[in-house]
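Coordinates in review
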Amino acid sequence: MKWIKRSLVAVMVLLVVLVALAGVVLITVDPNDYKEEISAAVEQRTGRNLEIRGDIGLSLFPRLGLELGETTLANAEGFAGDHFARVRQVDVSVALLPLLRRELEVQQVRLEGLDLNLARDAEGRGNWEGLTAAPAAEEAPTPEAEAGEPVPPALRGLDIAGVRVRDARVSWRDDQAGTEMTIDPFDLTLGHLRMGEEAPLEISLRLRMPDPGLDARLETQGLLMLDPAGQRYGLRQMVTRMDARGEALPAPVEARLEADLVADLASGLAKVERLTLDALETRWTGLVEVTGLNGTPRVHGELRSNRFNPRKVLKALEMPPPETTDPEVLTQAALDLAFDMQGERLEVDQLLMTLDESTLSGGAGLQGFAQPAVTFDIDLDRIDLDRYLPPAPEGESGDHGGSGAGDGKTGSGAWPDTPIALPMDILRGLDLDGTFQVDDFRVSGLQMQGVSLKVKARDGRLDVESIRGNLYDGSLEGRLGLDVRQDTPAYSAGAALSSVRIGPLLDDLTGDGKLTGTGDVNLSLSSRGDSVRALVSALDGNGDLRFRDGAVQGINIAQVIRRAEARLRGRDLEEDAPRQTDFTELTASFSIDDGLVRNDDLQAASPLLRVRGQGEVDLPPRRLDYRVDTSLVATLEGQGGRPLDNLRNLNLPITVQGTFDDPRIGLDLESVLKARVEQEAEQAREEVEQRAREEADAALQEQEQRLKEEAGRLQEELLDRFR
């Protein structure tokens, strides 16, 4: 036991010597006498001037402390501003005895009035370079570094009684990126911190950016935990409040963020739990988990919102909500998603979004962030787009008006010549492959069910390869294409309607179903241009249509003919017939060449009529030139009227000419029927004359026969007398 006693004596003697030495140093040495030597050493090492204006205070026992007054370190050559760093007062002290045990016990850290100017020039050189010497190339790594020791042994037992930073200012200027930022003031308070234990932390700062104009105040508090030995770190019960405003934002934004931040580097794990964000009339909750930090990190996240009102969000942003036909839309929305990300692969495997009465669900994937390749499979249960479109202006009837067709000007009566501003660079960079389904879809009054779109985009081509859906007891198959590989975009479209009820379709589309029946339509179109006028002028394509068992509503051609015929004959006609003209079949085909639509084979058959038509529609100047020849069949009884057999095969020519805004329809039914009546009268007169001639000839022949018979009788009598 003697060696223990001797050891204790030796320690006591050492402590007495150290205390005596510290007292001698403090009495005989004034650290302020070495300001010039300290400045010279700093300048020799860094090439910068260190100016110590304040006093230097030094304490050795029972704590090793340093107090430093106003001190300035000059900026690097070639950078604006006189100083790189300036501090008003620094006070740092550590317990002396724990240092002998290779333990660091910091009793006080106080920093006031720090002014730090960080900058990077146009060549990418930072003004902080050269302040610390790089390790020599020939210096071999230490065994601890080779073993990957996380922290020096002295820091394992780090104990900090408290840290206070007051009135700090940090500025950042990047001439290479053209950005500036200032944090002023910056205050930090850290409570008693022991390794592996939690300490209260409070931070407040004000961030300002002149371009694009942002002024934000942030306050953060929480419980900080540092465990370098176990490689565990955390900030629990973190609460951050932010108040941001400026030209960069449409309106002032106030937000509150709560979360628990945890990192276990030994396990390669980091988490953001209990995440809650309140901002702009919405609340968002979720979590983020990062695994594989020691290799290839993988991120899993979940995010969901409360049911919020988008109109209130826009109001909070001081942005006017879009004008919609239905003012009740855009009042309810919510989002729920889960995602996984590893490397440059992002998978949204759970997506659920609601907007008013519509629900969108599905998933999406993204490969690569510089030029992302996106895949998706999305399903929407129902959507009525008409409710979200802008309302029609008051008094708008859809009529262009005017007579400016073909004058090359924009405005009323002409195709718009305003350029269509497509985001060409974005479209050329798209890489998409996915499907989109809508169970119940309504747009422009049209109703469709079971709509399915297959979308692909790559190398400047965007194609909706397959459009399928059911509408009005029929079906639709189509395609759309956009090619932006050249400077002038090219468009293509194709559609095939099968067994569609035309009446309800037109009624929903235009509000007036003038045509009924079941129809098939095939259409193929292509064009190229950067304005509506250019697209119409370059339109090419072809198509055909076939309607069955229908009627043209609003006109009864049979009744029109009967009334006109009765009026010419001086008779009255009172009939209560339906205002429609029936047909059993209507067919036509057409071709389009540079905006000129040509049809030569329009045919229609009905119980009353046989119709043939041909002509053209010149779309660029908006002109019409079409002729329809209509002939009557043997009877009109199919149209609910008495027969007019005398008008059988009567041809009724109808012409449509002029412009879209001023079409002229030609139908001279009175003259056609008058000519037919006059023809009938002439025919009757000729028949009477022919009948009279025939009767006169018969009478003459009969008289001649009687004369011949009488002459024969007289001749017989004379012969008898002479005998």
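Structure report, in brief. Fair warning: this is a prediction, and the values are worked out from it, not measured in the lab.

This part is about the nonpolar core. Ranked by internal contacts, the top residues of the largest apolar core, which has 30 residues, are Leu-351 and Leu-471. Within the residue set of this core, elements represented by two or more residues are strand S20 (333-342), strand S21 (345-355), strand S23 (373-384), strand S24 (432-443), strand S25 (446-458), strand S26 (461-471) and strand S28 (490-501). Here this core gets 4 residues from one element, more than from any other, and that element is S25. Setting aside residues up to four positions removed in sequence, Leu-471 forms contacts with Gln-447, Met-448, Gln-449, Leu-476, Leu-497, Val-500 and Leu-505.

This part is about the side chain of Ser-527. With respect to the helices and strands, the residue Ser-527 is situated in strand S29 (residues 515-528). Under the relative-accessibility criterion, Ser-527 is labelled buried at 11%. For Ser-527, the side chain forms a polar contact with the main-chain oxygen of Leu-535, separated by 2.5 Å.

Right, let's get into unusual backbone geometry. Put simply, Asp-184 and Pro-185 share a cis peptide bond, and its omega is 0 degrees. Mapping Pro-185 onto the fold places it in strand S11 (residues 179-190). The residue after Asp-211, namely Pro-212, is reached through a cis peptide bond having omega 25 degrees. The topology assignment puts Pro-212 in the loop between strand S13 (198-209) and strand S14 (214-227). The phi angle at Gln-237 is positive, at roughly 50 degrees, despite the residue not being glycine. With respect to the helices, strands and loops of the structure, Gln-237 is situated in strand S15 (residues 232-245). Here Gln-237 falls in the partly exposed class, since its relative accessible area comes to 42%. The phi angle at Ser-499 is positive, at roughly 55 degrees, despite the residue not being glycine.

This paragraph deals with a nonpolar patch on the surface. Together, Leu-58, Leu-64 and Leu-66 give the surface a local cluster of nonpolar side chains, amounting to about 230 Å² of exposed area. Mapping Leu-58 onto the fold places it in strand S2 (residues 56-59).

Moving on, we get to the packing of aromatic side chains. By the definition in use, this model includes 2 aromatic pairs. Between Trp-128 and Trp-172 the ring centres are 6.1 Å apart and the planes differ by 35 degrees, which places this aromatic pair in the tilted class. One end of the pair, Trp-128, is in the loop between strand S8 (115-120) and helix H4 (143-147); the other, Trp-172, is in strand S10 (residues 163-174), and 44 residues separate them in sequence. Judged by its relative accessible area of 23%, Trp-172 is partly exposed. Centroid distance Trp-284 to Phe-308: 6.3 Å. Interplanar angle 45 degrees. Geometry classified as tilted. Here Trp-284, found in strand S18 (residues 282-291), pairs with Phe-308, found in the loop between strand S19 (298-305) and helix H6 (310-316); they are 24 residues apart in sequence, far enough to count as distant.

What counts as what
- Residues numbered from 1 in each chain as written.
- Predicted model: local features only at pLDDT ≥ 70, side-chain atom pairs only at ≥ 80, totals over all residues.
- Heavy atoms only, no water.
- Core = buried A, V, L, I, M, F, W, Y, C linked by side-chain atoms within 4.5 Å.
- Buried < 20%, exposed > 50% of the residue type's maximum accessible area, 1.4 Å probe, protein only.
- Helix = DSSP H or I, 4+ residues; strand = E, 2+ residues; numbered from the N terminus.
- Contact = heavy atoms within 4.5 Å.
- Polar contact = N/O pair within 3.5 Å; in protein donor to acceptor, adjacent residues only side chain to side chain.
- Patch = residues over 30% accessible without salt bridge, like charges linked within 9 Å, V, L, I, M, F, W, Y side chains within 5 Å.
- Areas by Shrake-Rupley, 256 points an atom, 1.4 Å probe, with all protein chains shown as cover.
- Salt bridge = Lys/Arg side-chain N within 4 Å of Asp/Glu carboxyl O.
- Phe/Tyr/Trp six-rings, centres within 6.5 Å; stacked < 30°, edge-to-face > 60°.

Geometry only, nothing functional implied.
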